Amino acid sequence: MVFAIDEINREQTILPNISLGFLIYDTCLWARKAIESSMRMMTGEERAILNYQCRKQSPLTAVIGEESSTVSMAVARLLGLYRYPQVSYYSTSPLLNNKHEFPSFFRTIPSDDSQAQLLHYMKTVHFKNKMGEEIYFDRHGSPPAAYDIINWHRESGNVIRYVKVGTFDTRAPSGQELYVNETAFMWIKQGRETPQSICSESCMPGYHKAVLRGQPACCYDCIPCFEGEMSKERDSSKCLPCPSDEWPNERRTDCIQKRLDFLSYTSSLGLTLTIIVIICILITMFFLCIFIKFHDTPIVKANNRNLTYLLLGSIMLSFSCSLLFIGEPQPIPCLLRQTAFGVVFAFCISCVLAKTLMVVIVFKATKPGSNMKRWLGPHASVITVCCCTFLQVLISIIWLLLCPPFPEKNLKLKTGTIIVKCNECSGTAFWCMLGYMGMLACVSFLVAFLARKLPNSFNEAKWITFSMLVFLSVWLAFIPGYLSTQGKFVVAVEVFAIISSSTGILVCIFLPKCYIILMRPDLNTKQYLLGKGSSYSRKRKIM
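As the structure is a prediction and not an experimental result, all values here were calculated from the model. (Residues numbered from 1 in each chain as written. Predicted model: local features only at pLDDT ≥ 70, side-chain atom pairs only at ≥ 80, totals over all residues. Heavy atoms only, no water.)

A separate point is the confidence of the model for the protein. Taken as a whole, the protein shows an average pLDDT of 80; of its residues, 82% reach a score of 70 or greater. Mean pLDDT per element in the protein: strand E2 (residues 103-106) is the minimum at 38, and helix H5 (residues 268-293) is the maximum at 93. Residue range residues 89-114 is modelled with pLDDT below 50. Its contacts to residues more than four positions away, or to other chains, number 72 contacts. Contacts of residues 534-543 to residues separated by more than four positions or lying in other chains number 1 contact, the stretch itself having pLDDT below 50. (pLDDT = per-residue confidence, 0-100. Helix = DSSP H or I, 4+ residues; strand = E, 2+ residues; numbered from the N terminus. Contact = heavy atoms within 4.5 Å.)

A contiguous nonpolar patch, built from Phe390, Leu391, Leu394, Ile397, Ile398, Leu401 and Leu402 and spanning about 720 Å² of accessible area, is present on the exposed surface. One can find phenylalanine 390 in helix H9 (residues 378-402). (Patch = residues over 30% accessible without salt bridge, like charges linked within 9 Å, V, L, I, M, F, W, Y side chains within 5 Å. Areas by Shrake-Rupley, 256 points an atom, 1.4 Å probe, with all protein chains shown as cover. Salt bridge = Lys/Arg side-chain N within 4 Å of Asp/Glu carboxyl O.)

Moving on, we come to the environment of proline 298. Structurally, proline 298 can be placed in helix H6 (residues 298-301). Given a relative accessible area of 23%, proline 298 falls into the partly exposed group. On a C-alpha basis, the gap between proline 298 and lysine 526 in space is 5.7 Å, while along the polypeptide they are 228 residues apart. (Buried < 20%, exposed > 50% of the residue type's maximum accessible area, 1.4 Å probe, protein only.)

Spatially, the 3 strands line up as an open sheet ordered E5-E6-E7, and their pairing is antiparallel. Whereas interior strands pair on both sides, the edge strands pair on one side only; in this sheet they are strand E5 (146-155) and strand E7 (178-180). Neighbour-to-neighbour, the strand axes of the sheet open up by a mean angle of 30°, direction not taken into account. Inspection of the sheet shows strand E6 (residues 159-169) paired to E7 by 3 bridges, in the antiparallel sense. For threonine 167, the partnering residue across the bridge sits in E7 and is tyrosine 179. (Pairing = 2+ DSSP bridges. Axes fitted to C-alpha atoms, helices over the stretch in contact; angles between N-to-C directions.)

Here the focus is the state of the cysteines. If you walk through the whole model with that rule in mind, you get 5 disulfides. Each disulfide pairs two cysteine sulfurs, and for cysteine 203 the partner residue is cysteine 222, the sulfurs being separated by 2.0 Å. Between cysteine 203 and cysteine 222 the sulfur-sulfur dihedral comes to about -95°; the bridge is accordingly left-handed. Here the residue cysteine 203 occupies a position in the loop between E7 and strand E8 (207-211), and cysteine 222 occupies one in strand E9 (residues 220-224), the gap between them amounting to 19 residues. (Disulfide = S-S within 2.5 Å.)

Further remarks concern the packing of aromatic side chains. Enumeration according to the criterion identifies 17 aromatic pairs in this entry. Measuring from centroid to centroid gives 6.5 Å for phenylalanine 325 and phenylalanine 341, while their planes differ by 85°, and the two rings are edge-to-face. In this pair, phenylalanine 325 sits in the loop between helix H7 (305-321) and helix H8 (331-365) while phenylalanine 341 sits in helix H8, placing the two residues 16 residues apart along the sequence. In this structure an aromatic cluster arises from ring pairing among Phe325, Phe341, Phe345, Phe430, Trp431, Phe471, Trp475, Phe478 and Tyr482. A cation sits over an aromatic face here: lysine 209 above tyrosine 220, 5.0 Å from the ring centre. (Phe/Tyr/Trp six-rings, centres within 6.5 Å; stacked < 30°, edge-to-face > 60°. Lys NZ or Arg CZ within 6 Å of the ring centre and 35° of its normal.)

What follows covers the packing of helix H10 (residues 427-450) against helix H11 (residues 460-484). Running from N to C, H10 and H11 cross one another at 155°; their axes reach a closest spacing of 8 Å. Between H10 and H11, the angle falls in the class roughly antiparallel. Considering how the two elements wind past one another, H10 and H11 form a crossing that is left-handed. Each of Phe430, Trp431, Leu434, Met437, Gly438, Ala441, Cys442, Ser444, Phe445, Ala448 and Phe449 in H10 lies in contact with H11, whose residues at this interface are Ala461, Ile464, Thr465, Met468, Leu469, Phe471, Leu472, Trp475, Phe478, Ile479, Tyr482 and Leu483. Residue composition of the contact of H10 with H11, by class: 20 nonpolar, 3 polar and no charged. (Parallel < 35°, antiparallel > 145°, perpendicular 65-115°, else oblique. Left-handed = near helix turned anticlockwise from the far one by under 90°. Nonpolar A, V, L, I, M, F, W, Y, C, P; charged D, E, K, R; others polar.)

The following block contains the structure:
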């Protein structure tokens, strides 16, 4: 510092018309000694007199503290009481003469005019010293921050050599202030290899760090991210939750779109059901074509052709309704599928009921003096079908007006899966629709059961009894299956019930007739239907 002050006084271009002097006191590494010396410098007397300045020469301008921060901070607190502004200063050449860098404190007295050209010059000065270092002061009077990064190298004989391994210089261009030569470092025991934490390895993506109690901060456990969370970076302190419509991948390093779960046409279950429905529709069309082609034969005439055609058409529609349940739920299919299924099945069972009633009416009308003959016309069947179907239509209209079904996505029911389904909105309306359909089936079953033993060679009532028995069995089994499943399997259970019950009606009622029409035309005669053909056959066998 003496050398620096002499150079400033000698070189007039640095501080023109300004001369600097100095006083040197030994702190003896003792804070009390340093404070006493500071008071002497401020008062100008060997014996410090507080709050008085007896110095005749220029007042104190700056104090440069020693290496120890304990001593320097004590001096700084004292000078702060006398309103000496403080500026931290660090040497830019710590390696000169093998000395360490040291902190110091810069103090000025703003009330003195001479001390104030001094500050002005120090703020405007800008030059290079003999070592080529650029020297200047900012608007606060602080010099540029320039540091050498020193590494201790232990050599043979326990000799310590200080090696420069990098620099930090605020005068460098932006982004280049810090330079470190990692290959020049010498670590204790490990040599030139950078030491690693001896407690824990780095946590990979998909894990997060969990601090161990009673251990240093570098000691932790790597815990896998919890369900629904992920971490992309190494050594993550915590895992981040995925958005509601996404889910972590298997390694939990990223979020991916959740899988949509619904009964699709491309899935094995959906494709199988679709094929079965198409086959059933084709079989129903085949039966309908047979009855249309042989519409003048006795067996077709005897079973009310118009009701037969309506029943086959309704069965075909019931098979088609099941296709509304397959595929991704959309607003229109969700709105229509349950109500369409309910109305079509009500119409179908109403046709069965009408056919059963016609069997009873025909038998009763043949008795002498019977008043049932007026019910043999087509109007009775039409009225029965319309009235029974109208009530189901009314239930469906009320359902759609008050609480229409809609598609929804359930994000919580199944892990990692979005269950897309149709929300029926009103469970009461749904079970009312099924209940009314079951009531019609029960009435049809009872009427057919009572008429099953009526004397006739081809009594249709017994086949209707079987069909309604199958129908009721299927839908009674549907209830626990529907309530105990979830996701696409709920839809699959209902589609299977529709196919099974429709197939039961088709097979029980129409397969025996088609067998006689195609395979046994000898039985498709008026004599056989009236009961005469059977006795004639028995006579021929006896002869």
